[in-house]
Amino acid sequence: MTIDVDLDLVRKYDRPGPRYTSYPTAPHFTEAFTGAEWERHIEEANRTADRPLSLYFHIPFCDTLCWFCGCNMLVSRRREPIDEYVGYLYREMDLYARRIHPDREVVQVHFGGGTPTHLTPAQIRDVGRRIRETFRVAPDAEISVEMDPRGLTGDHIAALRDAGFNRASLGVQDFDPRVQQAINRVHDARLVGQVVQWVKEAGFESLNLDLIYGLPHQSVATFADTIDTVLAFEPNRLAVFSYAHVPWMKAHMKLIRTEDLPAPEVKLGMLKLITETLGAHGYEYIGMDHFAREDDELTRAQREGTLQRNFQGYSTRAGTDIHAFGMSSISQLPRAYAQHVKDLPRYYAEVEAGRFPLERGITLTDEDVERRTVIMRLMCDMGLDYARLGADLGIDFTARYGEEIASLDEFEEDGLIRRLDDRLEVTPMGRLFIRNLAMTFDGRLAHDHARYSRTV
Ligand code: SF4
């Protein structure tokens, strides 16, 4: 699919809005949510013992700080804090393992950060072993890891494979030396090429590369060079994120000089370049920031209507409960979300006391559960099948959501959707504005005072 990006429409629809990795979105989580409530949700989820599990492990440590970073991370080169953290992850796993039905199968594991490959090869092997000892991991589980090419060794890759990892995601961001200096993240294409080769030789089933546009000193021409270099590595997937400069929320972003950032028009030019170039090279635009080759399982899942969206972005494993481990991570059960505390001493104290280290969360209402299904199907299927949704939710879909569907005139006039009798279809161009479309079905947006990133 190739998309001819209309920049006038991008200018028109680009406004703050949620990314819908959850619904309700994280700003609606509250500190009134208790560990007892969470425990009740876990017990309820256990009643369906064949409901699969997805595990997320947050490894917050990084060697150095990238100045564009928006993650929950800690800079540390010393080994002791990391060793201590891994010890607490094990204790937290035990805390959950006592409560999760032992028959439930883990079909997905994801390591994010921070930098998961900050762990030593021996730690990676040990964590992998510990997960399998604690939970029932399916033989064909999807086990993925985010990597920083800096500091990676062949032994890390071998350890990841030994521990069962089969999908890798590598942070590249940009190859231009001037851009790299201005964001404090320097690594050349040779290093990335070496890691890509290791990953492929080791037999990982899928490789994703992350890029960011909107960084200091980037231009359409420099970013075109980065994309060319990246395409030569033939990744299965590419995630291309827009840099949100929010120094009032992340103080270290002040290290990036505002005057070095590309002008909004240049950023739009890069968006057009990315979408059109990747489309021309056989990558399907899945939605949001994600592109995947036509034969990739994400593309197949989207075609078959089984794609999912959660805190890690798009996923192929349906109907899983997500249990997250480590500071700041977020878990998802059928009727609840819970986020862990964001600072290390509190995380340790809570785990030490045998309590879930929760900071905030939310129990979903019936309406939340229903709207979540509608928004997630829209974001994953790039359309709404009224009969299927009606059957899944046990409602007359067009009667319940008639007002929302009727309010989409402008989207249709702009060629972003087609409304047929039995379904709504998002056009290729409309994929760029999927967040705007999803906002139409968000029942909480009117009471939402959160500051979201821009939608395009
Ligand atoms: S490596 Fe990733 S998590 Fe760590 S500082 Fe850089 S962007 Fe942030």
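As the structure is a computational prediction, the values presented were derived from the model and not from experiment.

Caption draft 1: Seen up close, the overall build of the protein. Per the secondary structure count, the protein includes 17 helices and 19 strands. In terms of C-alpha radius of gyration, the protein reaches 22 Å, essentially the compact-globule figure of 23 Å for 456 residues. Its C-alpha atoms give the protein principal-axis dimensions of about 60 × 55 × 40 Å. Within the protein, the proportion of its 456 residues that are buried is 43%. In the protein, the share of contacts with a sequence separation of at least 24, taken over all contacts with a separation of at least 6, comes to 73%.

Caption draft 2: Local environment of helix α2 (residues 35–46). Between its first and last C-alpha, α2 extends 17 Å over twelve residues, near the 16 Å set by a 1.5 Å rise per residue. Among all positions in α2, only W38, H41 and A45 are buried. Taken around the axis of α2, the buried residues stretch over an arc of 60°, which confines them to a single face. Structural note: α2 exposes A36, E39 and E43 on the side pointing more than 90 degrees away from its buried face.

Caption draft 3: The arrangement of the pairing of strand β13 (residues 321–325) in detail. β13 sits mainly inside the fold: five of its five residues count as buried. Because side chains alternate across β13, one face comprises the buried residues D321, H323 and F325, and the other comprises I322 and A324, equally buried. Relative to β13, strand β1 (residues 53–59) runs parallel, the two sharing five bridges. By the bridge assignment, L53 is partnered in β13 with D321.

Caption draft 4: Spotlight on the domain arrangement of the protein. Parsing the protein into structural domains produces domain 1 (1–24 + 365–456) and domain 2 (27–324). On a C-alpha basis, the centroid separation for the pair domain 1 and domain 2 is 25 Å. Tallying the contact residues gives 23 residues for domain 1 and 21 residues for domain 2. Going through the elements one at a time, α1 (7–13) and α12 (366–381) are the ones with two or more residues in the side of domain 1 that touches domain 2. In the side of domain 1 that touches domain 2, the residues fall into 14 nonpolar, four polar and five charged.

Caption draft 5: Seen up close, the packing of helix α3 (residues 79–97) against helix α11 (residues 344–352). Running from N to C, α3 and α11 cross one another at 45°; their axes reach a closest spacing of 10 Å. Relative to α11, the element α3 is oriented oblique. Seen from above, α3 lies across α11 with left-handed handedness. Residues Y88, R91, E92 and L95 of α3 form the contact with α11, whose own contacting residues are Y347, Y348 and V351. The residue makeup of the contact of α3 with α11, split by class, is five nonpolar, no polar and two charged.

Caption draft 6: Main features of helix α8 (residues 220–232). The end-to-end C-alpha distance of α8, which contains 13 residues, comes to 19 Å, matching closely the 18 Å that a straight helix rising 1.5 Å per residue would cover. Buried within α8 are the following residues: F223, T226, I227 and V230. Within α8, the buried residues cover an arc of 100° as seen down the axis, which keeps them to one side. α8 presents A221, D228 and A232 as exposed residues on the side facing more than 90 degrees away from its buried surface. Against the buried residues of α8 lie β6 (167–173), β7 (206–213), β8 (237–242) and α9 (264–280). Looking one or two residues past α8, E234 carries a phi angle of roughly 50°, positive in sign.

Caption draft 7: Structural view of the packing of α12 against helix α13 (residues 386–393). Between α12 and α13, the shortest axis-to-axis distance is 11 Å and the interhelical angle comes to 150°. If you check the angle between α12 and α13, you find them roughly antiparallel. Here α12 runs over α13; the crossing is right-handed. Each of E370, T373, V374 and R377 in α12 lies in contact with α13, whose residues at this interface are L389, D392 and L393. Within the contact of α12 with α13, the residues separate by chemical class into three nonpolar, one polar and three charged.

Caption draft 8: Expanded view of the sheet that holds strand β18 (residues 417–419). Spatial strand order, β17-β19-β18: three strands in an open sheet with antiparallel pairing. This sheet does not close on itself; its edge strands, each paired only once, are β17 (383–385) and β18. When the angles between neighbouring strand axes are averaged without regard to direction, this sheet yields 15°. Looking at chain direction, β18 and strand β19 (residues 423–426) are connected through three bridges and run antiparallel. Each residue of the ladder has a partner; that of R418, found in β19, is E425.

Caption draft 9: Structural context of the nonpolar core. L55, Y213 and L238 are the most contacted members of the largest nonpolar core, which has 113 residues in total. When residues of this core are assigned to domains, at least three map to each of domain 1 (1–24 + 365–456) and domain 2 (27–324).

Caption draft 10: Examining unusual backbone geometry more closely. Residue P24 is bonded to the preceding Y23 through a cis peptide linkage, with omega at 0°. One can find P24 in the loop between α1 and α2. Residues G113 and G114 are joined by a peptide bond in cis, for which omega reads 20°. Locating G114 in the fold gives a position in the loop between β4 (105–113) and α4 (121–134). The backbone of M288 sits at a positive phi, close to 50°, despite the residue not being glycine. Within the secondary structure, M288 is located in the loop between β9 (283–287) and β10 (290–293). Judged by the 20 C-beta atoms lying within 10 Å of it, M288 falls in the buried class. Phi at S328 is positive, roughly 70°, even though this residue is not glycine. Assignment of secondary structure puts S328 in the loop between β13 and β14 (330–333).

Calculation criteria
- Residues numbered from 1 in each chain as written.
- Predicted model: local features only at pLDDT ≥ 70, side-chain atom pairs only at ≥ 80, totals over all residues.
- Helix = DSSP H or I, 4+ residues; strand = E, 2+ residues; numbered from the N terminus.
- Rg over C-alpha atoms; globule rule 2.2 N^0.38 Å.
- Buried ≥ 20, exposed ≤ 12 C-beta atoms within 10 Å, placed from the backbone.
- Contact = placed C-beta atoms within 7 Å.
- Expected span 1.5 Å × (residues − 1).
- Arc of directions from axis to C-beta.
- Pairing = 2+ DSSP bridges.
- Domains from an automatic or database assignment.
- Nonpolar A, V, L, I, M, F, W, Y, C, P; charged D, E, K, R; others polar.
- Axes fitted to C-alpha atoms, helices over the stretch in contact; angles between N-to-C directions.
- Parallel < 35°, antiparallel > 145°, perpendicular 65-115°, else oblique.
- Left-handed = near helix turned anticlockwise from the far one by under 90°.
- Core = buried A, V, L, I, M, F, W, Y, C linked by C-beta atoms within 7 Å.

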